Structures are given as C-alpha cells and as structure tokens.
Amino acid sequence: MRLRGTMRVNEAGRLEIGGCDTVELAERFGTPLYILDEAAFTARVAELAAAFQAAYPGEVALVYAGKAFLTVGFARLLASLGLWLDVASGGELYTAKAAGFPPERLLVHGNNKSDEELRMSLEGGAGRLVVDNLPELRRLIRLAQGKAVQTRLLLRIRPGIPVHTHNHMQTGQEDSKFGLGPDEITQAVSLLRDAPHLRLVGLHAHLGSQLHDPEPYRRLAEGMVAWLERVGELYGQPLTELDVGGGWAVAYREGDREPPIGLWAEAVGTGVQEAAAAREMPLPRLLVEPGRIAIAPAGTTLYRVGAVKTIPGVRRYVVTDGGLYENVRAALYGANYEAAAANKMTAPPDRSLPTRVVGKNCESGDVIADNVALPPLEPGDLVAVPVTGAYHYSMASNYNRLPRPAVVVVHEGEAELLVERESYADLIRHDRIPARWVQAGALPESVSRRP
Ligand code: PLP
C-alpha cells in the first residue's frame, strides 16, 4: 500500500496517521473506524486553490461538495479554510447551519427539492440555489413571493457532453435526470423575467464523477460561456457566475490514473477565458465543486480481522468487521482498494493465493478490497484501507442492523471524534410497535406453534 498524506510506519512496525498509532486508535475508538487525516485534507484544499488561481485570472470560489463527506465538526473546518459548501439535501443544509457555516457561502443543490428544503434555503439566507427543473422553479417563485430574498439563483443545465466513467457516475449526458435542456432553459428565463423578487446570476453543470480526461471540461467551459451570454441576453441582465461542478478522479489503487489537478484547472480556466474573450465578455466568477478529489485520499478505514478462510488453490478470504454497510462503493460501482496490515506493516506479503478482504454483510458482493498484498493474518489483526474519505461515511447504512462506525480526525498526534459510533439503542430509536400488536393475542399465532 502506498503511504499517503501523513501516513508513516513507526518503530513498532505499525501504521501511523496524523501522528497517531492506528493500533491505539482501534483500541480507543473500536473498529471499523473511519480516520480522517486533517493535514492531508488541508494540503489538498491548498493544492486545489493554487491550481485554479493559477489557471484562471478571474475570481474563483472553491465549493466543497458536502455529499462526499459532511459532519457538523467538519463543516467548521471547511468554513475556517474559507471554502464554500454545496449541500444537496435538507439534511446537509441542516448540518451546515448547525455548524454555523456562513450562509452566504452555501450553495443548495438537489434534483427534487421539497417545499421545506426550498424554505430552509431561502429563510436561512443560503447564498446560492441551483434550480434543477421547471416545476421546482415555479414552486420557488411562489414560495419566495413577498419575501426579502438574499438567495441568488443558478440554472443547472444538461450540457449533453458524454464522459468516460461508470454509468452511475455520469450526470451531464442528454439522457439524465439532472438539469434543464435548451427549451427548458428558455422557459425558466421567461418565468424569472416575471419574478423580479428572485435574481438569476449564473449557470451550473456537473459532468459526472471519477473523470480523468480534461477535454470534456474544456468543452463544457466553452459551451457554458456561450450559454451564459445567451441566457443573459434573454434575461435582460448579464450573468456573472459559472459553476462547472466537480468530478476530477482520484487513484484508489497504485496504478490507477490520477492526473494532476492542474490539468483539470487548466482545461476549465482556459476554456472559460478563451470563450469569454471571443465574445468580449467580462470573466465570470468561476465556481468549482470538488468532492472526492478533496477528501477521498485523506480518509482511511481501519478494520479488525475476525477470521481468515483459505480455500486451497482458490483464494484467501480476510473477513473483517466492515462491509457494504460502511463501504457501498465496491457493490455500487465495482470500486477496488488497496489494503495493509496496520499492525504488521513490515511483514512480507503472503502471495501464495489471491487475497480478498471482505466484510460481514450477508451479500457475496460484500467485498472491501480484492487482490491485495497482505501478510499472513490472524483474528485480531488490523487491516487499513486507504482513500476512503469520500462517499464512505456519507453513504453508510445500517444494513443487517449494523451500527455505523465512528469517525475520528487525526492531527499532530491528537485524535478526536467527529462522529460517535452508533449503538444498538440508536438502531431501534425510531422503531415503533403498532398499538394493535402491543396487546396480547392481537397477532395471529405463529405458524410454528400450530399443530
Ligand atoms: N457537484 C455536483 C452537482 C455533484 O452531483 C457532485 C457529485 O455527485 C459533485 C459536485 C462532486 O463530485 P466529485 O465528488 O466526483 O468531485
């Protein structure tokens, strides 16, 4: 496993992250455990900011995509770094508000925002709201009537640009549930021309995720500037903001491609500048929405081995306390990861059989990392899986009624909880027994008790 961020192997041959020994972290916080390397995250944010500032002479807003990973504590870190934050649901918005995230730096997404979510956005003074569809816009116009609205609008467009990634991670193609097509954009603008209490300031698009190729971003940037001009003319006021979404790829395993962030920034920055210059338009404020590229490499998940099963001539299964309840990406996208024995970092790998790290969910697709190099392992050993900062905790579930793991942030030898581990009591907190079933004899006798 490649050591990332502040990872190092300490004198005891154990994996250390953020100056914390992972064996001690497992003892203190239990497993599975999501570990967030704060310095790795802040370094990545600095890298993103530098790349976009170098590639684009206009104003740039880095809008972290909260869907990748968001907690109240983490939102505070985002705010302190000067980031903007994109939220895609009432729950993410509520989290940001609970953290005291500056509302003017919030951008609200969602392809089916409820009235409550729209109200929360308007009343909380969210800086930007991205309109996904016409029915939503009609409801928004009605809900905002008579209110002093701070929230500025962007229209999400369907750019119709194909990209090479897993089907489930494409969002900008013509056949997509997200955004407005050309006719719908025109209709949206005419609705907004009659709604002076709302203000349209720009356009948004998101091509998809885990994209390696800068070329679609250049096309997107150029196409969106053309739309910006056209929509501004229709609207009767120039539009000043262009949001090109996120989606730049990360390497999950050694050998995976992770092209430099500069290529992404360059494609977007040049695309916007050239298209704006060709139209003699002032440079718009550029918004970018990195999620995975910002946070994925800063996360590592730590597992305890429960059993090692060897099928002669076939495979070695390393069975852990994790699974698709805490990492659904393998089952959802066929994602694969590296792994290391966190308590035996200097032990040579056992290559006698292919090794698959699996979890405890009742599915054969419950794979955590496949074909990994791990030393001989026994119950009680620890396995670390890197690059799990994005779409792991945020996609976790209680499948098989398993409590979701804790999240700790590590920094310069200190480890602190961002999220507590769920308890069994948490799992049944919202369960209810229908009144009829509470009374004795109210339920039919069980089949097994019948003669
Ligand atoms: N912006 C929007 C609108 C998205 O839908 C997503 C991901 O789904 C992102 C940004 C972040 O994408 P990524 O995490 O791949 O950078």
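Everything in this summary refers to the structure shown in the same document. (Residues numbered from 1 in each chain as written. Predicted model: local features only at pLDDT ≥ 70, side-chain atom pairs only at ≥ 80, totals over all residues. Heavy atoms only, no water.)

1. Some remarks on the packing of helix H8 (residues 215-235) against helix H9 (residues 261-278)
Stage number 1. Where H8 contacts H9, the axes come no closer than 8 Å and their chain directions differ by 30 degrees. Between H8 and H9, the interaxial angle falls into the category roughly parallel. Like other packed secondary-structure pairs, H8 and H9 cross with a definite hand, here right-handed. For the pair formed by H8 and H9, the contact residues are Tyr217, Arg218, Ala221, Glu222 and Val225 on the first element and Trp264, Glu266, Ala267, Val268, Thr270, Gly271, Val272, Glu274, Ala275 and Ala276 on the second.
Stage number 2. Classifying every residue of the contact of H8 with H9 by side-chain character gives nine nonpolar, two polar and four charged. (Axes fitted to C-alpha atoms, helices over the stretch in contact; angles between N-to-C directions. Helix = DSSP H or I, 4+ residues; strand = E, 2+ residues; numbered from the N terminus. Parallel < 35°, antiparallel > 145°, perpendicular 65-115°, else oblique. Left-handed = near helix turned anticlockwise from the far one by under 90°. Contact = heavy atoms within 4.5 Å. Nonpolar A, V, L, I, M, F, W, Y, C, P; charged D, E, K, R; others polar.)

2. Looking at the sheet that holds strand S7 (residues 106-108)
As a general point, the strands of a sheet are linked pairwise by backbone hydrogen bonds and lie either parallel or antiparallel.
Stage number 1. Pairing within the closed barrel is parallel, and its eight strands lie in the order S5-S6-S7-S8-S9-S10-S11-S12. Ignoring strand direction, the axes of neighbouring strands in this sheet form an average angle of 30 degrees.
Stage number 2. This element, helix H2 (residues 38-55), spans strand S5 (60-65) and strand S12 (285-288) of the sheet and lies at about 145 degrees to S5.
Stage number 3. Strand contacts of H8: strand S10 (199-204) and strand S11 (241-243), with the helix running at about 160 degrees to S10, the strand carrying the most contacts. (Pairing = 2+ DSSP bridges.)

3. Some remarks on the packing of helix H7 (residues 182-193) against H8
Stage number 1. The interhelical angle for the contact between H7 and H8, taken along N-to-C directions, is 35 degrees, at an axis separation of 9 Å. Along this stretch, H7 crosses H8, giving a crossing that reads as right-handed. Note on element contacts: H8 touches H7 through Trp227, Val231, Leu234 and Tyr235, opposite Pro182, Ile185, Thr186, Val189, Leu192 and Arg193.
Stage number 2. Split into classes, the residues belonging to the contact of H7 with H8 amount to eight nonpolar, one polar and one charged.

4. Topic: the sheet that holds strand S3 (residues 20-21)
Stage number 1. Pairing within the open sheet is antiparallel, and its three strands lie in the order S1-S2-S3. For this open sheet the edge positions go to strand S1 (8-9) and S3, each flanked by a neighbour on one side alone.
Stage number 2. Of the pairings in the sheet, the one linking strand S2 (residues 15-17) to S3 comprises two bridges and is antiparallel in character. Pairing of Glu16 across the sheet is with Asp21, part of S3.

5. Concerning empty space enclosed by the protein
Stage number 1. In this structure the tally under the stated criterion is two cavities of 30 Å³ or more.
Stage number 2. Empty space within the largest cavity amounts to approximately 70 Å³.
Stage number 3. In terms of lining, the largest cavity is formed by Tyr34, Ile35, Leu36, Phe69, Gly299, Thr388, Gly389, His392, Tyr393 and Val407.
Stage number 4. Top contributing element to the lining of the largest cavity by residue count: strand S4 (residues 33-37), with three residues.
Stage number 5. Looking at the lining of the largest cavity residue by residue, the classes come out as six nonpolar, four polar and no charged.
Stage number 6. Considered as a void within the structure, the second largest cavity measures approximately 40 Å³ in volume.
Stage number 7. Lining the second largest cavity are Arg4, Gly5, Met7, Ile17, Ile35, Asp37, Ala40, Pro297, Ala298 and Thr300. (1 Å grid on protein atoms, 1.4 Å probe; cavity = no way out; pocket = protein on both sides within 12 Å on 5 of 7 lines; lining within 4 Å. Points joined across faces, edges and corners; volume = space filled by probe spheres on them.)

6. Focus: the site of the ligand
Stage number 1. Taken together, 15 residues sit near the ligand, with Ser209, Gly247, Glu289, Arg292 and Tyr391 positioned nearest.
Stage number 2. One of the side-chain N or O atoms of Tyr391 is found 2.5 Å from an oxygen atom in the ligand.
Stage number 3. When the free accessible area of the ligand is taken as 400 Å², the share hidden by the protein chains comes to 92%. (Near = heavy atom within 4 Å. Polar contact = N/O pair within 3.5 Å; in protein donor to acceptor, adjacent residues only side chain to side chain. Areas by Shrake-Rupley, 256 points an atom, 1.4 Å probe, with all protein chains shown as cover.)

7. Concerning the side chain of His392
Stage number 1. By secondary structure assignment, the location of His392 is in the loop between strand S18 (382-386) and strand S19 (406-411).
Stage number 2. When near neighbours in sequence (up to four residues on either side) are disregarded, His392 contacts Tyr34, Glu326, Asn327, Arg329, Tyr337 and Val387.

8. Section: the pairing of strand S16 (residues 355-358)
Stage number 1. Burial of the side chains of S16 extends over both faces: Thr355 and Val357 are buried on one face and Arg356 and Val358 on the other.
Stage number 2. As paired elements, strand S14 (residues 315-320) and S16 share four bridges and run parallel to each other. Residue pairing for S16: Arg316 is matched across the bridge by Thr355.
Stage number 3. Relative to strand S17 (residues 367-370), S16 runs antiparallel, the two being bridged by three bridges. (Buried < 20%, exposed > 50% of the residue type's maximum accessible area, 1.4 Å probe, protein only.)

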